[in-house]
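# A structural walkthrough
One letter stands for each residue in the lines below.
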Amino acid sequence: MNASHPVPAPQRLEDYRPYPFAIKEVRLDVTLDPQASRVRADLDLTRQHDGDLVLDIGKAVTLDRLAVDGSDLDAADWTRKGETLTIHRALPQSFTLSSEVTIDPAANTTCEGLYLSGGIFCTQCEAEGFRHITPYPDRPDVMAPFKVTIHSDLPVLLSNGNPVAQAPGRAEWSDPWPKPPYLFALVAGDLRAISDTFTTMSGREVDLNVWVRPGDEDRAGYAMDSLIRAMRWDERVYGREYDLDVFNIVAVDDFNMGAMENKGLNIFNSKLVLASPETATDGDYERIESVIAHEYFHNWTGNRITCRDWFQLCLKEGLTVFRDQQFTSDMRSAAVKRIDDVVTLRARQFREDQGPLAHPVRPDSYVEINNFYTATVYEKGAEVIGMLKRLVGDEGYAKALDLYFERHDGDAATIEDWLKVFEDATGRDLAQFKRWYTDAGTPIVTMKEDWDAEHGVLTLSFSQQTPSTPGQTDKPPRVIPMAVGLISPNGDEVLPTQMLEIDQAEQSFRFDGLATRPMVSALRDFSAPVVLRRELTDADRAFLFAHDRDPFARWEAGRDLARATLLAMLDGGAPGPEYLAAIGRVLADRDADPAFLALCLRLPSAEELAQARSEAGHTPDPDAIHAVREELASVIARTHQAELDRVLTDTVPAGDYSPDAGQAGLRALRLAALGLVTRIDGGARAQAIYDGATNMTERAGALAALIAAGAGQDAVADFHDRFKDVRLVVDMWFMLQAANARPDRAVPLARELAAHPDFDWKNPNRFRALIGGLSANHAGFHAADGSGYDFLADWLLRVDAVNPQIAARMSGAFETWARYDETRKAHAKAALDRILATPDLSRNLAEMAGRIRG
Ligand code: 0A1
Ligand code: ZN
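Computed from a predicted structure; not experimentally measured.

Within the largest apolar cluster, 254 residues are counted, with the highest numbers of intra-cluster contacts made by Val187, Val250, Ile267, Val273, Leu703 and Ala738. For this core, the leading source of residues is helix 5 (residues 375-408), giving 12 residues.

Put into structure tokens, the structure is as follows:
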């Protein structure tokens, strides 16, 4: 790490101390002005413990006045240093602290605190943004009811809770539920609502509004529909009822993440609200449904029960992701959802666990908490809950969740509290299970089979081992739920799914009374986030792919076959007959869910192959990986041309467009087939689908195929012409080009696109579209001449000066640098060093670049 930029000392879990004061009520009075908004805060404080009164305060906040019980403090009564404000004066047991500050939302480019997005005032306070609005103990364990008055001439003035009074120029809101400051929100602007109502299980009527910019109303319907379904689902499945008179959702164009669960006033990236068949893909619709649900579900898992400190982030995020995954499984296909989630987990979280950014689901130290909104905290956090549910059973899980809501409503809780609830509800000791929260790394489980033909006994032996991760070398064994089933040679299930509990480094399980040697189906439903190693032939994989009753395991066998085929091709082999025959059966299958078949047709990603290569001790070669994927796709297309053509004609959904799983599955299958045939037809079919497209799913899918085939020039121009006024689609235009360009074209094209007049790089979505698109282009980004790394470093530095969170987030593209060859490594290291040597780097980017560089 460059000595001139020491990263600040980390915060540590073990240093947690309760705040010395409780806040009985917060009253905020906000007068909005683009350059000089004024915020007055009155906090009713009561001392609980010894200690100074220390508040957090953002550096850009101008402090105009401080008073205790109405009498002004003078400069000697307080000290302001860095981001803290300490009050030295003797204080009564209970008192009101008043502050008045001025802030400049128009100058705030960080999308944190109070800022402007397209003329709309909005806020983002998670994790530590409230301090940029008013001095406050900006930590989640300080919870208080809020009363907010907003003064502004703008027509719509919103905050948390229930509306109390609305008059021209002024609005009052009251949120009766004590909340941490990160859930505060305020929105003001010229907004239009689409509205509905929801009657809760106890008969209360709730007003629902989705607020958008004028003109966007006709694209907000699916968000509202998703909200109503989510509210009903949470009542039915978890018994959770909404607790305010209104629920507002606001869409803004400038947002660092997907969305935010502020109490009663969710603020969303407009990408996750606005959709019409012409402008959004099936994938966009599904994301909208799940993120609307995710934020809504936070009302209980996050808001009513929040986190004691940010180390406990997975308490709310792991659980809420788990809940939104359950919701999507219920709304759509559970099998397809499970497979999708595992693909994402492996691409993002396994990659994180393998590299320099590996950390436990509950980290024990951090420099910048915003750098820990990671796949490990979110997605692995959800997997850990899935395992817990498997271990205690559905009934145990339901009992534990009821107890959690009953015992901890209104609390700022910890992972210890969470596990205790499961122990108390089910009687199970979870001491060993807790390692899933405290130990980083993906366990590698090796399974060996021993068949005793004479006695008809099969013995399965497992060993587990978790590789070292930064700061953690010793990894004791964890408890791993391993779902297995046994299949007879004729394809019948001889033993339905059993949940084996592996809790030792080495362990065996016996199955007797077997007439013939069965085939083992293991890690069914991906019962634990581990890497499973076992020895299988291509014929075994093809057998499982044909016969396994568990849809995840069946898909996995096909994936494994594809992966093994590609890895063999990297070593100079040719695609074997089993894989090509299996693909033939997929294409001929008229019974299975088309969405499932689409997943079976998709080749493992380049990233997945690079991961597999480096896991096996090889140096992955991005160009070779690209070449074998192209080659295999062409071989499939040549072998199965007639079937692929049949799929292309048979998968056009009847009737009007609907984003439901049935239609989306057909389109997914069609596009998977298109991706393959485009390899051999020069793009003719993709061009025809592009020209005839009646919805964005097909149009964007065809465009991606054309670009990948190097035949997209006309379509790219046409796409821009058609959609140049639809911001979210212009994002897609940037992303599709950068992500799908042929490797040698990717960086030069990204440079051209960065010079395009529409490249508004200060908009997080636009920046992510281009820079994230390029990072997703594996061989393009990892260009051997280092141009991808240089391009990324240039842009990270540029964006860091205006929006550190985005810079830090996108720097993750570097996390795998150490896997590659010496030439690439030298280029990547030089780019990271250049970042680290830059003056005035944000804490966010400094921490990330430092950890990645190592
Ligand atoms: N809690 C949100 C994620 C979120 C986190 C940070 C943000 O700003 C820095 C915004 C949103 C969620 O889980 O959806
Ligand atoms: Zn969340």
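This next bit is on the pairing of strand 19 (residues 246-252). Strand residues, when the strand is regular, have side chains that alternate between the two faces of the sheet. With 6 of 7 residues buried, strand 19 is to be regarded as a mostly interior element. In this structure, strand 18 (residues 205-212) lies alongside strand 19, joined through 5 bridges in parallel fashion. Each bridged residue has a counterpart across the sheet, and for Asn209 the counterpart in strand 19 is Asn248. Regarding topology, helix 1 (residues 221-238) serves as the crossover connection from strand 18 to the parallel strand 19, and that connection is left-handed. In this structure, strand 19 lies alongside strand 21 (residues 265-269), joined through 5 bridges in parallel fashion. Each residue of the ladder has a partner; that of Val250, found in strand 21, is Ile267.

The residues that UniProt annotates with the feature "domain: Peptidase M1 alanyl aminopeptidase C-terminal" (unreviewed entry) are residues 538-852. Helix and strand shares over residues 538-852 are 73% and 0% respectively, and the end C-alpha atoms of the span are 37 Å apart.

Further remarks concern unusual backbone geometry. Trans peptide bonds make up most of the peptide bonds, and negative phi angles are found at most residues other than glycine. In this structure, Ala127 follows Glu126 across a cis peptide bond, with omega equal to 0°. Within the secondary structure layout, Ala127 lies in the loop between strand 11 (120-124) and strand 12 (144-151). A positive phi angle is found at Asp525, which is not glycine, with a value near 55°. For Asp525, a count of 20 C-beta atoms within 10 Å corresponds to the buried category. Phi angles above zero are rare outside glycine, and Phe526 is one such case at about 50°. Looking at the element boundaries, Phe526 is found in the loop between strand 30 (519-521) and strand 31 (531-533). By C-beta crowding, Phe526 is classed as buried, having 22 other C-beta atoms within 10 Å.

Let's shift gears to helix 6 (residues 415-426). Compared with the 16 Å implied by 1.5 Å per residue over 12 residues, the 17 Å span of helix 6 between its first and last C-alpha is a close match. Positive backbone phi, at 75°, marks Gly427, one or two positions downstream of helix 6.

Now for the sheet that holds strand 9 (residues 94-103). Strand order in the open sheet formed by 8 strands is 6-5-9-3-2-12-15-14, and the pairing between neighbours is mixed. The sheet is open, and its two borders are formed by strand 6 (71-72) and strand 14 (162-167), each paired with just one other strand. As paired elements, strand 12 and strand 15 (residues 170-179) share 7 bridges and run antiparallel to each other. Looking at strand 15, one finds that Phe146 is bridged to Asp175.

Where helix 20 (residues 743-754) meets helix 23 (residues 787-800), the axes come as close as 9 Å, and the angle between the chain directions of the two elements is 25°. Taken together, the axes of helix 20 and helix 23 lie roughly parallel to each other. The handedness of the crossing between helix 20 and helix 23 is left-handed. On helix 23, the residues that touch Val747, Ala750 and Arg751 of helix 20 are Ser787, Gly788 and Phe791. Each residue belonging to the contact of helix 20 with helix 23 can be placed in one class, and the counts come to 3 nonpolar, 2 polar and 1 charged.

Domain parsing of the protein yields domain 1 (21-190), domain 2 (191-307), domain 3 (336-438), domain 4 (445-535) and domain 5 (536-680). Taken over C-alpha atoms, the centre of domain 2 sits 24 Å from the centre of domain 3. Taken together, the 6 residues of domain 2 in the interface contact 8 residues of domain 3. Split by residue class, the side of domain 2 that touches domain 3 holds 4 nonpolar, 1 polar and 1 charged.

Turning next to the sheet that holds strand 7 (residues 78-81). The sheet built from 3 strands is open, its strands ordered 4-8-7 with antiparallel pairing. The open sheet terminates on both sides in strands that have one partner only, identified here as strand 4 (53-56) and strand 7. Geometrically, the sheet is characterised by an average inter-axis angle of 20° between neighbouring strands, direction not taken into account.

All right, on to the confidence of the model for the protein then. With 99% of its residues at a pLDDT of at least 70, the protein reaches an overall mean of 98. If you check the scores for this complex, the pTM reads 0.99 and the ipTM reads 0.99.

Inspection of the secondary structure puts Ala522 in the loop between strand 30 and strand 31. Remark: the alpha-carbon pair of Ala522 and Glu556, spanning 34 residues in sequence, is separated by 10.0 Å.

What follows covers the site of ligand 1. The immediate surroundings of ligand 1 are formed by 14 residues, with Gln124, Glu126, Asn256, Met257 and Met260 found nearest. Of all the elements in the fold, those that place two or more residues in the shell around ligand 1 are strand 20 (259-260) and helix 2 (282-297). Split into classes, the residues belonging to the shell around ligand 1 amount to 4 nonpolar, 6 polar and 4 charged.

Under the UniProt annotation, the feature "domain: Aminopeptidase N-like N-terminal" (unreviewed entry) is placed at residues 56-173. Annotated as residues 56-173, this span is 0% helix and 51% strand, and its ends, taken at the C-alpha atoms, are 24 Å apart.

Another aspect to go through is the packing of helix 14 (residues 641-650) against helix 15 (residues 661-681). One way to put it is that helix 14 packs onto helix 15 with a least axis distance of 9 Å and a crossing angle of 145°. The chirality of how helix 14 crosses helix 15 is left-handed. Contacts between helix 14 and helix 15 involve Leu644, Val647 and Leu648 from the first element and Leu669, Arg670, Ala673, Leu674, Leu676 and Val677 from the second. Its residues assigned to classes, the contact of helix 14 with helix 15 shows 8 nonpolar, no polar and 1 charged.

Procedures and definitions
- Residues numbered from 1 in each chain as written.
- Chains lettered and ligands numbered in written order.
- Predicted model: local features only at pLDDT ≥ 70, side-chain atom pairs only at ≥ 80, totals over all residues.
- Core = buried A, V, L, I, M, F, W, Y, C linked by C-beta atoms within 7 Å.
- Buried ≥ 20, exposed ≤ 12 C-beta atoms within 10 Å, placed from the backbone.
- Helix = DSSP H or I, 4+ residues; strand = E, 2+ residues; numbered from the N terminus.
- Pairing = 2+ DSSP bridges.
- Right-handed = clockwise from strand over helix to strand, strands pointing away.
- UniProt positions renumbered as here; feature names shortened; annotations may be inferred.
- Expected span 1.5 Å × (residues − 1).
- Axes fitted to C-alpha atoms, helices over the stretch in contact; angles between N-to-C directions.
- Parallel < 35°, antiparallel > 145°, perpendicular 65-115°, else oblique.
- Left-handed = near helix turned anticlockwise from the far one by under 90°.
- Contact = placed C-beta atoms within 7 Å.
- Nonpolar A, V, L, I, M, F, W, Y, C, P; charged D, E, K, R; others polar.
- Domains from an automatic or database assignment.
- pLDDT = per-residue confidence, 0-100.
- Near = placed C-beta within 6 Å.

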